[in-house]
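Structural overview
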Amino acid sequence: MDQGKATVRVKEPAHDLIVSQADVIQLKSFLHALKLGLQNKDIGQVKLSTLRPASSAQVEKQKTRLVVTSRRDYPLTTSFPYSLESLKISTCTLRKVDGRISSLKHLTVLDLSENQLRDLPDDLAKLQHLAELHLQNNVVEKFPASLCIAYSRSLRLLDMNNNMLSCLPPQFCELTELVNLKLDNNQLASLPKNFGNLINLRFFCGV
């Protein structure tokens, strides 16, 4: 705040209000009035000066893409921007999927490759617009049926090369929008009975 910057996170509808290059005193007054308003207190005595409209050069565009490739850069104390459409967290030795990711409703591309993930949480089913899921080079043992159902109309690319998959659930065949599927170097002995239902599949490697 002392640098004239602040982020106000709105839960419903999910949105981030990013303030930068603001006058510090005006910004503190604004946030104070906002806090009082949320507490249903009278803000009539709060002095707010008239704000000048920001120029187009001063308006920051919402971040739609984020790449994290080291533990040092991992956002532990800050949130992921709600506006993200593409998120890559690779080579960070993650053992669990960060629960905050499931709240990124605009995500279409999620890359969690080159980590140490063993399980995929059902919460990832909330990413109903996901078109690409990159999970290569982990130790994932199973692909949840809940994700098969959630991604049945959106997922076009799934990369699970170099994992520990031993079988795929019957619901996997509901991923009928899949175009590119990579399952090399797993422990699969067979494919689901109705694998032929993946009528849009053009590129496949595995087993």
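Note: the structure precedes this text.
Residues numbered from 1 in each chain as written. Predicted model: local features only at pLDDT ≥ 70, side-chain atom pairs only at ≥ 80, totals over all residues. Heavy atoms only, no water.

Concerning the sheet that holds strand E9 (residues 203-206)
So the rule is basically this: Strand pairing requires that DSSP identify at least two bridges connecting the strands. Each helix corresponds to a stretch of at least 4 residues labelled H or I by DSSP, and each strand to a stretch of at least 2 residues labelled E; elements are numbered beginning at the N terminus. Between N-to-C directions, angles cover 0 to 180 degrees, with each direction set by a line fitted to C-alpha atoms, over the stretch in contact for helices.
Taking strand neighbours across the sheet as the criterion, the seven strands line up as E3-E4-E5-E6-E7-E8-E9 in an open arrangement whose pairing is parallel. Among the strands making up the open sheet, the edge pair consists of strand E3 (65-68) and E9. On average, each strand axis in the sheet is tilted by 5° relative to the strand beside it, whichever way the strands run. The pairing of E3 with strand E4 (residues 86-89) spans four bridges and is classified as parallel.

Brief notes about unusual backbone geometry
You will see that Thr 93, though not glycine, has its phi angle at about 55°, which is positive. Its location among the elements puts Thr 93 in the loop between E4 and strand E5 (109-111). Phi angles above zero are rare outside glycine, and Asn 162 is one such case at about 60°. Within the fold, Asn 162 resides in the loop between strand E7 (157-159) and strand E8 (180-183).

A few points about the nonpolar core
Threshold: Remark: nonpolar core denotes a set of buried residues (Ala, Val, Leu, Ile, Met, Phe, Trp, Tyr, Cys) joined through side-chain atoms within 4.5 Å. Partly exposed residues are those whose accessible area sits between 20% and 50% of the maximum for their type, while under 20% is buried and over 50% is exposed, using a 1.4 Å probe and protein chains only. Throughout, a contact is declared for two residues whenever any of their heavy atoms are within 4.5 Å.
Core analysis: the biggest nonpolar cluster contains 43 residues, and Leu 87, Ile 89, Ile 101, Leu 110, Phe 143 and Phe 172 have the highest contact counts within it. Of all the elements in the fold, those that place two or more residues in this core are E3, E4, helix H2 (145-150) and E8. Apart from residues no more than four positions distant in its own chain, Ile 89 is found in contact with Val 68, Tyr 74, Phe 80, Leu 94, Ile 101, Asp 111, Leu 112, Ser 113 and Asn 115.

What about the pairing of E8?
Pairing geometry for E7 and E8, over three bridges, is parallel. Paired with Leu 158 across the bridge in E8 is Leu 181. Looking at chain direction, E8 and E9 are connected through four bridges and run parallel. Within the sheet, the bridge partner assigned to Leu 181 lies in E9 and is Phe 204.

Let's talk about the pairing of E4
Judged from the three bridges that link them, E4 and E5 form a sheet pairing that is parallel. Paired with Lys 88 across the bridge in E5 is Asp 111.

Considering the side chain of Asn 186
Selection rule: Any pair of N or O atoms that falls within 3.5 Å is considered a polar contact. Within protein, one atom must be able to donate a hydrogen and the other to accept it, and sequence-neighbouring residues count only if both atoms are side-chain atoms.
Mapped onto the secondary structure, Asn 186 falls in the loop between E8 and E9. Polar side-chain contacts of Asn 186 include one of 3.3 Å to the backbone nitrogen of Met 164. A distance of 3.0 Å separates a polar side-chain atom of Asn 186 from the backbone nitrogen of Leu 165. Excluding anything up to four places from it in sequence, Asn 186 contacts Met 160, Asn 161, Asn 162, Asn 163, Met 164 and Leu 165.

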